[in-house]
Every structure is written in C-alpha cells, then in structure tokens.
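# Chains, contacts and geometry: an overview
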Amino acid sequence: MLENFAHTLEEVLARTPVKTIITTQIGDMFPAFKRMLTNLVVKHVKKMVPEWHLAQTITFNDALAAGHGQKLDDVPVRLDDIAFLQYTGGTTGVAKGAMLTQANMVANVQQVATWIARDLLDGKEVAIIPLPLYHIYATPRTWCS
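Here is a short report on the structure shown in this document.

Conventions used here
- Residues numbered from 1 in each chain as written.
- Predicted model: local features only at pLDDT ≥ 70, side-chain atom pairs only at ≥ 80, totals over all residues.
- Heavy atoms only, no water.
- Helix = DSSP H or I, 4+ residues; strand = E, 2+ residues; numbered from the N terminus.
- Contact = heavy atoms within 4.5 Å.
- Areas by Shrake-Rupley, 256 points an atom, 1.4 Å probe, with all protein chains shown as cover.
- Phe/Tyr/Trp six-rings, centres within 6.5 Å; stacked < 30°, edge-to-face > 60°.
- Lys NZ or Arg CZ within 6 Å of the ring centre and 35° of its normal.
- Salt bridge = Lys/Arg side-chain N within 4 Å of Asp/Glu carboxyl O.
- Buried < 20%, exposed > 50% of the residue type's maximum accessible area, 1.4 Å probe, protein only.
- Core = buried A, V, L, I, M, F, W, Y, C linked by side-chain atoms within 4.5 Å.

On to the overall build of the protein, then. Along the protein, the regular secondary structure elements total 4 helices and 5 strands. Pairs at least 24 apart in sequence give 58% of the contacts found in the protein among residues at least 6 apart. Looking at the protein as shown, the accessible area adds up to about 11,200 Å², and 62% of this sits on carbon and sulfur atoms.

Set out below in structure tokens:
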C-alpha cells in the first residue's frame, strides 16, 4: 500500500483480518539517491504523506530483500482462476472490485494481437497492455464490494 494512504487504512484496519501490511513509497524503485530525494520531498517538503501509525508493516524494499533468492514453486493456472481485483472509481455509487480471471487477461491479449497483428512479425513483437486505474479491465466475472 502506498504510504500516502496508510492513514486511511489505519482507520479501518481493526475491522479487517489483515495481519501484515507492505508499505511502499513513491520513489521505492528509483536508484538510491533519486529514491531518497524523491521520498524526502514527497514526505517532508510537499507533505503528501499524512502521519500514520501501523505496527505490523514491512517496507516494500524489505519485502523484496526477504524474498530475494527464494525458490518459487510452479503453480498450475486455470482460465477461471482469479488473476486480480481491479477497482472501479465508484462513479455510479460505491467503488467495487471486479474479480478478473486469467481468461479475462488472455482475451485482452488476443484483442490487442488482433488489432495490431498486420503490423507485427510473429515472435518479434513486444506489446504493453496497461491497466487503467479505477476502471475495470476486459470483462469482469463477478463484482465484490
């Protein structure tokens, strides 16, 4: 969770089963100097990070370091498996999380491939298919609030 929103989580955390929180800062993936400068400016100069107090947090970079070198087990993936939740902006009411399946992602890649296939050489192309923030992606299977 982006540290800028930790104060919001702090307000509702007691009503959730969440045990561990990974916090991230805007500059976390920058090189060391730029990371420190960016995070300093965001937090202390622009004051974009309201004060928060959450005991069970781990920083994003500490989580990456803890997992570095760990072996990942292969996991079978089915088309009806949920890939992730993509949240709407709530323009028609309360924001909702659309449960998107692996099939949703495959369908979207196939759509993009169809649109741009005439201009590409099979096996030589690279396509980036970004997810819009606060919009659903492909066709949601189910809504959850």
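Using the criterion set out here, one finds 0 aromatic pairs in the structure. One Lys or Arg, Lys34, reaches over the ring of Phe30 and ends 4.7 Å from the middle of that ring.

This part takes up the pattern of salt bridges. The tally for this structure, following the rule as stated, stands at 5 salt bridges. Measuring nitrogen to oxygen at the nearest pair gives 3.3 Å for the salt bridge that ties Lys43 to Glu3. Here Glu3 lies in the segment before α1 (6-12) and Lys43 lies in helix α2 (residues 32-45), a separation of 40 residues in the sequence. Note on Glu3: relative accessible area 8%, which makes it buried. One salt bridge connects Lys71 with Asp73, and the closest N-O pair in it is separated by 3.8 Å. Look at Lys71 and you get exposed, because its relative accessible area is 71%. For Asp73, a relative accessible area of 62% puts it in the exposed group. Each of the salt bridges in this network shares a partner with another, and the network as a whole consists of Arg78, Asp80 and Asp81.

Bringing unusual backbone geometry into the picture now. The backbone phi angle of Lys47 is positive, close to 50 degrees, even though this residue is not glycine. Its location among the elements puts Lys47 in the loop between α2 and β2 (57-59).

Turning our attention to the environment of Met36. Looking at where Met36 falls in the secondary structure, it is placed in helix α2. Sequence separation of Met36 and Gln25 is 11 residues, and the distance between their C-alpha atoms is 10.0 Å.

With that settled, consider the nonpolar core. Counting residues in hydrophobic clusters, the biggest one holds 8 residues: Ala6, Leu9, Leu13, Ile21, Val42, Val49, Trp52 and Leu54. When sequence neighbours within four positions are dropped, the list of residues in contact with Trp52 reads Glu3, Ala6, His7, Glu10, Thr23 and Thr57.

With that settled, consider the environment of Ala98. In this fold, Ala98 is placed in strand β4 (residues 97-101). The exposure class of Ala98 is buried, given its relative accessible area of 0%. Distance in space between the C-alpha atoms of Ala98 and Tyr87 is 6.0 Å, their sequence separation being 11 residues.

Read these as layout, nothing more, since geometry by itself doesn't imply function.
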